[in-house]
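This is what each chain is made of:
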Amino acid sequence: MADIIKLLPDHVANQIAAGEVVQRPASVVKELLENAIDAGATTIKLIVKDAGKKLIQVVDNGKGMSATDARLSFERHATSKIQKAEDLFNLNTKGFRGEALASIAAIAHVELLTKTEVDEVGTQLKIEGSKVIAQEVTVTPKGTSMLVKNLFFNIPARRNFLKSNQVELRHITDEFHRVALAHPTIAFHFYNNGSELFNLPIVNFRKRIVQIFGGKANSKLVPVNEETQVVKISGFVNKPEFSKKSRGEQFFFVNDRFIKSPYLHHAVVAAFEGLIKPNTYPGYFLCLEVDPGTIDINIHPTKTEVKFDDEHTLYALLRSTIKHSLGQFSVVPAIDFEQDPNLDTPYSYKNKQVEIPQVTVDATFNPFANEVEKPKSTSNTAGTSFTNYTKPSTKGWENLYEGLGTKKEESAPFASMEFESEVITGSIFKEEKIEEESVSTTFQLRRKYIVTTIKSGMVVIDQSRAHQRVLYEKFLKNITIQEAVTQQLLFPLSLHFSTTDVTILKEIQEQLRTIGFAFNITDKEVVEITGVPLQVVESEVEMVLEQLILDYQMEISGDSFSQTDILAKTLSKTLSVKTGAVLDAASQQALVNDLFACKEPGLSPFNKPTYVTITENDIDKKFI
């Protein structure tokens, strides 16, 4: 029998490895940024075009590479980070596997420019699909510049699975945030299609958070700091009132490396137990420093999953530290048992009975006396004397109040006149018709359901889901036909958002205009609202926009139809009648009519039933 097992060629093996390391352009950004940090750079520039599909360039001022190292860096399992297996338990660098550059070079066009501080000239290296095209001597500043062009050019199937530019750029921005937050002592610059998105100078950790997530993030942060023999915990958590329904602003850094740990996340949520609403998550930016020998990072090529030697101890320490910080900075509500002594009842009045104040009235007092004696004065400044002054007579003033206590027939001079009755008893309609119309065919059950009758029985409608369906179809129609009505604000609203949120608002600005929103982006973080739809209250504008941005980040959709659908769903969910709202009979009937006028009345925008039908036969079966 012939041998059938053969070694794979290097370029095939590299493409297979690239499937794990490089999943999308954001994976390339992560690997190149981490290499720049390991090179000791103090300034790093990230440049992308078409969300990284055409170009990803990372420029740093690190120590650079020699000509030999530059060529060897693109070989598989070639690295300068470790030398032996024991080094895996004492890692102080981002990379150590030696697979990233080889995987990137296997599926893209790569151009490398690098130079060390001692060399007079640098090295230029061009690689296409793991094949070295050219290696030349060039003039370049100290550091390294890595250009990755035409990602997945030789794997068209993988390229077709990439999302739209907006979605891929969002993933790149998330990776940039993770690296920039972990290293506030490094300056970062981020450019997309020639425009600057982020310019982050060297600052402390708190200011770096504010730089990325906007100025209003500063008021949300609560410091966390604890140092033990096991772990050193530092960073910030958001105040409980700023918890969100999504898991956006949640970052764990272990030894300056971003990780994902559901177990530690549960410890943070447990610390906020009783302080946040159900189905909401707190935001946090926590840095953990542990002994490198107590963690294992070599689990997945992305290196975002780690294993700890003693997770239970970390869980308890993290939970207690956050609870202590929330209590230390008076975030947790507390009962004050120390009463102000000034509010205590004096001892002399302790056993005294409370008496009703007695008010005395002088029944003989008459303000309209005939004569009022005034103190005599010899003369005033003008020489006029007021010695014989008397008050004008008001005799007969009592007659003005005569008859007030008598009956209307006796005293009222208009008793003989007839006035129109306040209650209208007549009607131009027949009484039978009025009685039929006054009977309502709908009623509200427990402020959640609307019950109405039909020929075969009755219908029980979920008022919140029904209103969501009505608003959803209305918003879709407005966006499609572009006939929305805008309510202009007398005074424009200035709302502050992060740079990422402003980018999302720019993407959907046209769709927002078609449903009635009118706004201008005056700054990188300031949005001026000048008009809102008729259904949106001015006080809810910020909440609606924040919820819309969160839904876009969660849904991760790029085409225009999906954007329109998410927009309509978010607005219908935010502006719909909530469970617990009291509806009058007219509103109940209007909601029922609007629901059954929809194209799909049986389902809400989120594919949940809006009503159930109970027939007369179903009711009869209950009495058998």
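Data block above holds the structure.
The following refers to the structure shown. From a predicted model like this one, the values you see are computed outputs, not experimental measurements.

### What about the overall build of the protein chain?
Moving on, step 1. Helix and strand content of the protein chain: 18 helices and 22 strands.
Moving on, step 2. In the protein chain, buried positions account for 41% of the 624 residues.
Moving on, step 3. In the protein chain, 67% of the contacts between residues at least 6 apart in sequence involve partners at least 24 apart.
Moving on, step 4. Total accessible area computed for the protein chain in this model is approximately 37,900 Å², and 53% of it derives from carbon and sulfur atoms.

### Re helix α2 (residues 25–38)
Moving on, step 1. Here α2 contains 14 residues, and its C-alpha end-to-end distance of 20 Å stays within 8% of the 20 Å for a straight helix at 1.5 Å per residue.
Moving on, step 2. Summarising burial for α2: 13 of the 14 residues are buried, a large majority.
Moving on, step 3. Just beyond α2, the residue with positive phi is Gly40, at close to 80°.

### Looking at the environment of Ala270
Moving on, step 1. Looking at where Ala270 falls in the secondary structure, it is placed in helix α8 (residues 262–271).
Moving on, step 2. Overall, the relative accessible area of 11% leaves Ala270 in the buried class.
Moving on, step 3. When the C-alpha atoms of Ala270 and Arg319 are compared, they prove to be 6.8 Å apart, with 49 residues separating the residues in sequence.
Moving on, step 4. Discounting residues that sit within four places of it in the chain, Ala270 has contacts with Tyr315, Arg319 and Lys323.

### Brief notes about the environment of Tyr281
Moving on, step 1. Following the sequence through the fold, Tyr281 ends up in the loop between α8 and β13 (284–289).
Moving on, step 2. If sequence neighbours within four positions are ignored, Tyr281 has contacts with Ser243, Lys244, Lys245, Ser246, Arg247, Gln250 and His265.

### What about the sheet that holds strand β20 (residues 518–521)?
Moving on, step 1. Reading across from one edge, β19-β21-β20 is the order of the 3 strands in this open sheet, with antiparallel pairing throughout. Two strands lie at the open edges of the sheet, namely β19 (486–496) and β20, each paired on one side alone. Shown here is a sheet whose adjacent strand axes are inclined to one another by a mean of 15°, direction ignored.
Moving on, step 2. Pairing geometry for β20 and strand β21 (residues 526–533), over 4 bridges, is antiparallel. Paired with Phe519 across the bridge in β21 is Ile529.

### Quick notes on the pattern of salt bridges
Moving on, step 1. Tallied over the full model, the rule gives 12 salt bridges.
Moving on, step 2. Among the ionic pairs, Lys54 bridges to Asp50, the shortest N-O distance being 3.4 Å.
Moving on, step 3. A salt bridge links Glu507 to Arg170; its shortest N-O distance comes to 3.3 Å. Pair noted here: Glu507 is in helix α13 (residues 499–507) and Arg170 is in helix α6 (residues 165–182), with a separation of 337 residues, a long-range link.
Moving on, step 4. What makes Glu507 partly exposed here is its relative accessible area of 23%.
Moving on, step 5. Take Arg170: its relative accessible area is 9%, and that puts it in the buried class.
Moving on, step 6. One connected set of salt bridges, linked through shared partners, spans Lys216, Glu542 and Glu546.

### So, a negative patch on the surface
Moving on, step 1. Negative charge collects at one region of the surface, where Glu226, Glu227, Asp256 and Glu289 lie side by side.
Moving on, step 2. Topologically, Glu226 is positioned in strand β9 (residues 221–227).
Moving on, step 3. In this structure Glu226 comes out as partly exposed when scored by relative accessible area, which is 31%.

### Things to note about the pairing of strand β16 (residues 442–445)
Moving on, step 1. Of the two faces of β16, only one is covered, namely that formed by Thr442 and Gln444; the face formed by Phe443 and Leu445 stays uncovered.
Moving on, step 2. As judged from the 4 bridges shared by β16 and strand β17 (residues 449–454), these two strands associate in the antiparallel manner. The partner of Thr442 across the bridge, within β17, is Thr452.
Moving on, step 3. Here β16 folds back onto β17 in antiparallel fashion, the turn holding 3 residues, of which Arg446 has a positive phi close to 55°.

Reading the values: the criteria
- Residues numbered from 1 in each chain as written.
- Predicted model: local features only at pLDDT ≥ 70, side-chain atom pairs only at ≥ 80, totals over all residues.
- Heavy atoms only, no water.
- Helix = DSSP H or I, 4+ residues; strand = E, 2+ residues; numbered from the N terminus.
- Buried < 20%, exposed > 50% of the residue type's maximum accessible area, 1.4 Å probe, protein only.
- Contact = heavy atoms within 4.5 Å.
- Areas by Shrake-Rupley, 256 points an atom, 1.4 Å probe, with all protein chains shown as cover.
- Expected span 1.5 Å × (residues − 1).
- Pairing = 2+ DSSP bridges.
- Axes fitted to C-alpha atoms, helices over the stretch in contact; angles between N-to-C directions.
- Salt bridge = Lys/Arg side-chain N within 4 Å of Asp/Glu carboxyl O.
- Patch = residues over 30% accessible without salt bridge, like charges linked within 9 Å, V, L, I, M, F, W, Y side chains within 5 Å.
- Lys, Arg positive; Asp, Glu negative; His and termini not counted.
- Charge placed at Lys NZ, Arg CZ, Asp CG, Glu CD.

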